[in-house]
Amino acid sequence: MVLERDGVAYATSNDVAAFFGKNHKDVLRDARNLLKNLTGANLRWFTEATYRDEKGEERPCIEMTRDGLA
C-alpha cells in the first residue's frame, strides 16, 4: 500500500515486509541500519513512526519515501 502525505508518497515498513514476504522485524532492522549511514537531506527518506497491531498495541515502524525504497 502506498500512502501520501503533503504530496509525498510513502510506504510503511509493514507494507514493504508484506509485499516482499519478509518479516517486519527484519525490514525494520535493515531500515534502521540504513538510517545509521544517512546524513542531511537523505534522512527525510525515513521517518520513525508507530502503528497499532491486531491486538491494538502500539508498535514501531518506519515510513519510507520512494527514494528510500530505491
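Residues numbered from 1 in each chain as written. Predicted model: local features only at pLDDT ≥ 70, side-chain atom pairs only at ≥ 80, totals over all residues. Heavy atoms only, no water.

An ideal rise of 1.5 Å per residue puts 20 Å on 14 residues; helix H2 (residues 24-37) measures up with 21 Å between its terminal C-alpha atoms. Listed as buried for H2 are His-24, Val-27, Leu-28, Ala-31 and Leu-35. Looking straight down H2, one finds its buried side chains confined to an arc of 100°; they lie on one side. When the buried face of H2 is taken as reference, the exposed residues oriented beyond 90 degrees from it are Lys-25, Lys-36 and Asn-37. Its buried side turned inward, H2 meets helix H1 (13-20), strand S3 (46-52) and strand S4 (58-65). (Helix = DSSP H or I, 4+ residues; strand = E, 2+ residues; numbered from the N terminus. Expected span 1.5 Å × (residues − 1). Buried < 20%, exposed > 50% of the residue type's maximum accessible area, 1.4 Å probe, protein only. Arc of directions from axis to C-beta. Contact = heavy atoms within 4.5 Å.)

The next thing to look at is the pattern of salt bridges. Under the counting rule described, the total for this entry stands at 6 salt bridges. Residue Arg-52 pairs with Glu-58 through a salt bridge whose shortest N-O separation is 3.6 Å. Between Asp-53 and Arg-59 there is a salt bridge; the shortest N-O distance is 2.9 Å. A relative accessible area of 12% places Asp-53 in the buried class. Classification of Arg-59 by relative accessible area gives partly exposed; the value is 31%. A single salt-bridge network, built from bridges that share partners, covers Asp-26, Arg-29 and Asp-30. (Salt bridge = Lys/Arg side-chain N within 4 Å of Asp/Glu carboxyl O.)

Bridging between strand S2 (residues 8-12) and S4 involves 3 bridges; their strand directions are antiparallel. When the bridges of S4 are listed, Ala-11 appears paired with Met-64. Both S3 and S4 contribute to a ladder of 7 bridges, which runs antiparallel. Along S4, the bridge assignment pairs Phe-46 with Met-64. (Pairing = 2+ DSSP bridges.)

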